[in-house]
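# Results of the structural survey
The primary structure of each chain is shown beneath.
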Amino acid sequence: MSEPRPRRAAVTGIGVVAPNGSSTETFWKSTREGISVLDRVTREGCEDLPLRVAGQVRDFDPAAAIEERFLVQTDRFTHFAMAAADLALDDARLPRSVTDEVPFSVGVVTAAGSGGGEFGQRELQQLWGKGSRFVGPYQSIAWFYAASTGQISIRHGFKGPCSVVAADEAGGLDALAHAARAVRRGTDVIVAGATEAPIAPYSVVCQLGYGELSTVDDPTRAYRPFTSAACGFVPAEGGAMVVVEAESTARERGAPVRAHLAGHAATFTGASRWEETREGLAQAVRGALAEAGCAPEEIDVVFADALGVPEADRAEALAIADALGAHGTRVPVTAPKTGIGRGYCAAPLMDVAAAVLSMEHGLIPPTPNVFDICHDLDLVTGRARTGEVRTALVLSRGLMGSNSALVLRHGATDASS
């Protein structure tokens, strides 16, 4: 008697709130057209700080998306997460709340790098300006990394496995790996993703300690990875949430399977040791390929981490070649984040959203603001490139040393592949 096939983790819904669009549709339209929305930082209190350019979400009204009782107890990064989760659930054709019979069938996992800095700063200003009686009760929870996971699960009545990944920028991909493994173990649905809101005075001041942060004041030149003019990265706010579901469950209810989370692996090489990430990232790619049962030549596109630091960019280009062999210098590579900023844990989630849409549309989006490539990469620049995209590789590295790789397969890929 043959053993039953393991449950496959499928992406059935996507929700994006990003600097280039507060819906998945507008995000994809801007991404595929290579539109850059990087601009001067305009957030109150940040005007005189050394950070000049960032990716800000400008067309998002939290009051239109979230109930007042949740707004008052949550930070901007959680507002993004709650709104994106709603979009993902709607996209997956799932109800926004569960019935009493099945609350334990749905869980939540998010990743966060900085938490609720804006909320925390406001309450600390109240403390020192007016006194302790003016500090609200939600200060104890709103800034916390786990706030988005908790508030999404409470708001929707999800009582399945819930967790938060605090693992550097690469934690965004690690959160999806947690979701996939929970589904394989028996949970029907996990709402997973990452959002960030690092463009607030206190948060920006904390980031100024990163030597990799770009302080160039020209939006077209502030973030140019893989070029001789690379001068660091610019931060971004926003992010993406996805619905990860057992493929069999999705098929039974007639929901389209948009992609499969086929393989993932992670390594650690230490803070700012960018040359060492060559080996660490390559090892993560090999592990992800092995879990996915994927040969290097099957990768149709690589969504790069693209830090924008010369030694880090060189290490990533070499890692791709090391892990993919001769295919590594031929496979199309892209970094749409150069048009919206590098959103810490949210950055790889926005890449995952773009990768799924890339596979669906047969279109590899370009890398905005980047032209003079100085590494041995087939970097897609200028305009989108058409072609069949069945398998995508998404890469992410954290400033503190985490490396992560995720293999995505097109939703129509046969289960036997």
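In the block above lies the structure referred to throughout.
The sections below set out a description of the structure shown in this document. Along each chain, the written sequence defines residue order, and numbers are assigned to residues from 1. Reporting in this predicted model follows two pLDDT cut-offs: at least 70 for local features of residues, and 80 or more for side-chain atom pairs to be given and counted; totals over whole chains, interfaces and linings ignore these cut-offs and use all residues. Working from all heavy atoms in the structure, the side-chain values ignore hydrogens and water.

## Some remarks on helix H7 (residues 147–156)
Rules: Categorising residues by exposure relies on relative accessible area from a 1.4 Å probe, with only protein chains included: less than 20% of the type maximum marks a residue as buried, more than 50% marks it as exposed, and the intermediate range marks it as partly exposed. Only runs of H or I of at least four residues qualify as helices and only runs of E of at least two qualify as strands under DSSP, and these elements are numbered from the N terminus.
With 8 of 10 residues buried, H7 lies mostly within the body of the structure. When H7 is considered as a whole, its buried residues turn out to be Ala147, Ser148, Thr149, Gln151, Ile152, Ser153, Arg155 and His156. Positive backbone phi, at 75°, marks Gly157, one or two positions downstream of H7.

## A short note on the pairing of strand E8 (residues 259–268)
Stated formally: At least two bridges found by DSSP between two strands are what make those strands a pair.
Taking burial as the measure, the 10 residues of E8 include 7 buried ones, the bulk of the element. One ladder, built from 2 bridges, connects strand E1 (residues 9–17) with E8; its direction is antiparallel. In the strand pairing of E8, Val11 is matched with Ala259. In this structure, E8 lies alongside strand E15 (residues 402–410), joined through 9 bridges in antiparallel fashion. Bridging from a neighbouring strand, Thr267 pairs with Asn403 of E15.

## Regarding the side chain of Thr277
Our working rule: N or O atoms closer than or at 3.5 Å make up a polar contact, with two conditions inside protein: a donor-capable atom paired with an acceptor-capable one, and, for residues adjacent in sequence, both atoms drawn from side chains. Note on definitions: a residue-residue contact is assigned when non-hydrogen atoms from the two residues lie within 4.5 Å.
Along the polypeptide, Thr277 turns up in helix H11 (residues 277–292). Residue classification places Thr277 among the buried positions, given a relative accessible area of 2%. Of the polar contacts made by the side chain of Thr277, one reaches the backbone oxygen of Trp274; its length is 2.5 Å. Polar side-chain contacts of Thr277 include one of 3.1 Å to the side chain of Arg397. Leave out the neighbours within four places in its chain, and Thr277 touches Thr269, Ala282, Ala315, Ala319, Arg397 and Asn403.

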